[in-house]
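# Structural overview
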Amino acid sequence: MLYLARNLLSEKESADLRRRLILAPDWVDGKVSAHGSKIKRNLQLNSCDEKTLITNEIIEYIENDSLINSFTFPNKIFNILFTRTGEGMYYGPHVDTPYLPTGRRDLSFTIFLNKQDEYKGGELILYIPPETKKIKLDQGDIIIYPTKYLHEVKEVTDGERMVCVGWIESQIPKDDEREELYLIGNSITKIIEKYGNSSATQDLKLSFNRLYKRFLN
């Protein structure tokens, strides 16, 4: 599974977060988090009390989503950023730094905070050889993908794109091992939902747990 896309926030929840973010006074040039990079043109919310509050809420939403947990095996959710990309703004092709003093970046995520028809352009482009994925999700949706992928945000030609981005340090550092656990765990859940527990599903759970321990960082 190359990435996970799903709804995380209701329209009301995402609209409320967006309203609070817009009212925050501490928006700065997004280059502050990219060491002055010339390929980045957007606005970013600077450190402030409101950012801390909303960051904690975002982390709680993600931690309480069982599917996201089974896909990412999160050890830490960190480095949360809120960005606004208006007309003429963009973020050119780049790969995120894999490690920061605050944690290892195994997975990247973007949460879309406004409706698709409120802006033109602004697609998230993922370069996943041999494919190129163009992503523009509905309000409140999240996409999670391995940090290793080259990606960019296309220029916004009208309106404004508002998103939350962040990173996850997984308990399972290797992408292929994490995907194996996700596929096995998800399959066990579906089997139990349809047929109930049995000695066979118990054996599958034991095998899953052994693999989980083997793959742990």
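Residues numbered from 1 in each chain as written. Predicted model: local features only at pLDDT ≥ 70, side-chain atom pairs only at ≥ 80, totals over all residues. Heavy atoms only, no water.

### With respect to the pattern of salt bridges
Per the counting criterion, the structure on display carries 13 salt bridges. Glu160 is paired through a salt bridge with Arg84; the nearest N and O atoms lie 3.1 Å apart. Taken together, the positions of Glu160 in strand 15 (residues 156–170) and Arg84 in strand 5 (residues 74–86) put the pair 76 residues apart, joining distant regions of the chain. Here Asp106 and Arg104 are joined by a salt bridge, their closest N and O atoms 2.8 Å apart. For Asp106, a relative accessible area of 9% corresponds to the buried category. Overlapping salt bridges, with partners in common, bring together Asp16, Arg19, Arg20, Glu50 and Glu57 in one network. (Salt bridge = Lys/Arg side-chain N within 4 Å of Asp/Glu carboxyl O. Helix = DSSP H or I, 4+ residues; strand = E, 2+ residues; numbered from the N terminus. Buried < 20%, exposed > 50% of the residue type's maximum accessible area, 1.4 Å probe, protein only.)

### Describing the environment of Gly185
Take Gly185: it is sitting in helix 4 (residues 175–195). Sequence separation between Gly185 and Asn209 is 24 residues, and the spatial gap between their C-alpha atoms is 9.6 Å.

### A word on the packing of helix 1 (residues 11–23) against helix 2 (residues 49–63)
Put simply, helix 1 and helix 2 touch, their axes get as near as 11 Å, and they point 160° apart. Comparing their axes, helix 2 and helix 1 come out roughly antiparallel. Handedness of the crossing formed by helix 1 with helix 2: left-handed. In this structure, helix 1 contributes Glu13, Leu17, Arg20 and Leu21 to the contact, and helix 2 contributes Glu50, Leu53, Ile54, Glu57, Ile58 and Tyr61. Its residues placed into classes, the contact of helix 1 with helix 2 shows six nonpolar, no polar and four charged. (Axes fitted to C-alpha atoms, helices over the stretch in contact; angles between N-to-C directions. Parallel < 35°, antiparallel > 145°, perpendicular 65-115°, else oblique. Left-handed = near helix turned anticlockwise from the far one by under 90°. Contact = heavy atoms within 4.5 Å. Nonpolar A, V, L, I, M, F, W, Y, C, P; charged D, E, K, R; others polar.)

### Let's talk about unusual backbone geometry
In this chain, Pro129 is followed by Pro130 through a cis amide linkage whose omega measures 5°. Assignment of secondary structure puts Pro130 in the loop between strand 11 (124–128) and strand 12 (131–135). Although it is not a glycine, Phe73 adopts a positive phi angle of roughly 50°. With respect to the secondary-structure elements, Phe73 resides in the loop between helix 3 (66–72) and strand 5.

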